[in-house]
Amino acid sequence: KLPEDAEYLNQHYGRNPLEFNLLPVEIFLENRSESDNFEVRFERTSYKLADGKQFELVSLRDVVAALSYSGWRSTPWWFFMIFPGAISLGGISNANEQMSDDYSSKVMEDLNVAPSAEPVQGVLFFRPVEGNVADCDFDEGTLTLEVTRRSSTGPGENFSAQINF
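Within any chain, residue numbers begin from 1 and follow the written order of that chain's sequence. With pLDDT at 70 or above as the cut-off, local features in this predicted model cover only qualifying residues; side-chain atom pairs require 80 or more to be listed or tallied, and sums for whole chains, interfaces and linings still use all residues. With hydrogens and water set aside, each side-chain value is computed from the structure's full complement of heavy atoms.

Asker: If you had to explain the overall build of the chain to someone new, which residues and values would you point to?
Answerer: Numbering goes from the N terminus for both helices and strands, where a helix is a DSSP run of H or I of at least four residues and a strand is a run of E of at least two. Tallying secondary structure elements over the chain gives 5 helices and 7 strands in all. Helices and strands in the chain line up, N terminus first, as α-β-β-β-α-α-α-α-β-β-β-β. Partly exposed residues are those whose accessible area sits between 20% and 50% of the maximum for their type, while under 20% is buried and over 50% is exposed, using a 1.4 Å probe and protein chains only. Across the 165 residues that make up the chain, the buried fraction comes to 38%. Put simply, of all contacts in the chain between residues at least 6 apart along the chain, 68% involve residues at least 24 apart. For accessible areas, the Shrake-Rupley method is used with a probe of radius 1.4 Å. Any residue's cover is judged against the shown protein chains and nothing else. Total accessible area on the chain stands at roughly 10000 Å², and carbon and sulfur atoms take up 48% of it. Two residues form a contact once any of their heavy atoms are found within 4.5 Å.

Structure below.
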């Protein structure tokens, strides 16, 4: 699912990632096989639009850095003349810490999807290799995941799984 609604993004992520040139892609994975395990590694995950525009995966650390609140950017200069800056910066630091914890719980990490297990959901963040998210048409795109199928009857098999949006 590609969330593009600004109100939803602000509510779900605290800030609108699209305004920071980040595209959140919400993923829902389920293993319906009876015996195979699927290991999903996200380090080489990519996203590509129908028009050929490429996106690169952005690490959790980089997402938090991009979306974090800056004490110096968000505090007016006159504030420091009236109140100690530590009060303001302490609150901003706390907000950034809470955002980091929240995103850590939402971002999808490498995982093993067992047969008939509960579905797994999370989000991955992408950034256009060139240009801005605002200039993109998200009507069609393909997410490519690197997956290893582990079967009880033989060695693992690596393949690329594609999810079309």
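Anyway, onward from the coordinates.
Asker: Describe the environment of histidine 12, with residues and values.
Answerer: By the element assignment, histidine 12 lies in helix H1 (residues 6–13). Along the backbone, histidine 12 and lysine 106 are 94 residues apart, and their C-alpha atoms lie at a distance of 10.0 Å. Apart from the residues within four sequence positions on either side, histidine 12 is in contact with Glu26, Asp102 and Lys106.

Asker: I'd love a proper account of the side chain of glutamate 39, names of residues and values included.
Answerer: Position of glutamate 39 among the secondary structure elements: in strand E2 (residues 37–49). Within the local environment of glutamate 39, its side chain forms a polar contact with the side chain of arginine 41, the two groups lying 3.4 Å apart. Not counting residues within four places of it along the chain, the set of residues in contact with glutamate 39 comprises Leu111, Asn112, Glu146, Val147, Thr148 and Arg150. Here a polar contact means two N or O atoms within 3.5 Å. Within protein one must be a hydrogen donor candidate and the other an acceptor candidate, and residues neighboring in sequence count only if both atoms are side-chain atoms.

Asker: If you had to explain the nonpolar core to someone new, which residues and values would you point to?
Answerer: Buried residues of nine kinds, namely Ala, Val, Leu, Ile, Met, Phe, Trp, Tyr and Cys, make up a nonpolar core once their side-chain atoms join them within 4.5 Å. If you look at the biggest cluster of nonpolar residues, it comprises 22 residues, and the most contacted ones within it are Val40, Phe42, Phe55 and Phe126. Every element with two or more residues in this core is listed here: strand E1 (23–29), E2, strand E4 (111–113), strand E5 (120–128) and strand E6 (141–151).

Asker: Describe in detail the pairing of E1, supporting the description with residues and values.
Answerer: Extensive coverage of E1 is indicated by the burial of 6 of its 7 residues. When E1 meets E5, the two strands line up antiparallel, connected through 7 bridges. Bridging across to E5, proline 24 finds its partner in phenylalanine 125. Strands were regarded as paired on the criterion that DSSP finds at least two bridges between them.

Asker: Outline a negative patch on the surface, supporting the account with residue identities and numerical values.
Answerer: Patch membership requires over 30% relative accessible area and the absence of a salt bridge. Like charges are linked within 9 Å, and nonpolar side chains (Val, Leu, Ile, Met, Phe, Trp, Tyr) within 5 Å. Salt-bridge detection follows one rule: a side-chain nitrogen of Lys or Arg within 4 Å of a carboxyl oxygen of Asp or Glu. Only four residue types enter the charge count: Lys and Arg as positive, Asp and Glu as negative, with His and the chain ends excluded. The atoms used to mark charge sites are NZ of Lys, CZ of Arg, CG of Asp and CD of Glu. A contiguous patch of negative charge, built from Asp51, Asp137, Asp139 and Glu140, is present on the exposed surface. Along the chain, glutamate 140 falls in the loop between E5 and E6.

Asker: Could you give an account of helix H2 (residues 60–67), with specific residues and numbers?
Answerer: Every buried residue of H2 is accounted for by Val63, Val64 and Leu67. Projected down its long axis, H2 carries its buried residues within an arc of 95 degrees, all on one side. When we speak of the arc, we mean the arc of directions from the helix axis to the C-beta atoms.

Asker: Hey, could you go over the side chain of arginine 15 for me, with residue numbers and the actual values?
Answerer: The topology assignment puts arginine 15 in the loop between H1 and E1. Despite being buried, arginine 15 has no salt bridge partner; glutamate 19 is the closest side chain of opposite charge, sitting 6.6 Å away. Looking at arginine 15, its side chain comes within polar contact range of the main-chain oxygen of leucine 67, at 2.6 Å.

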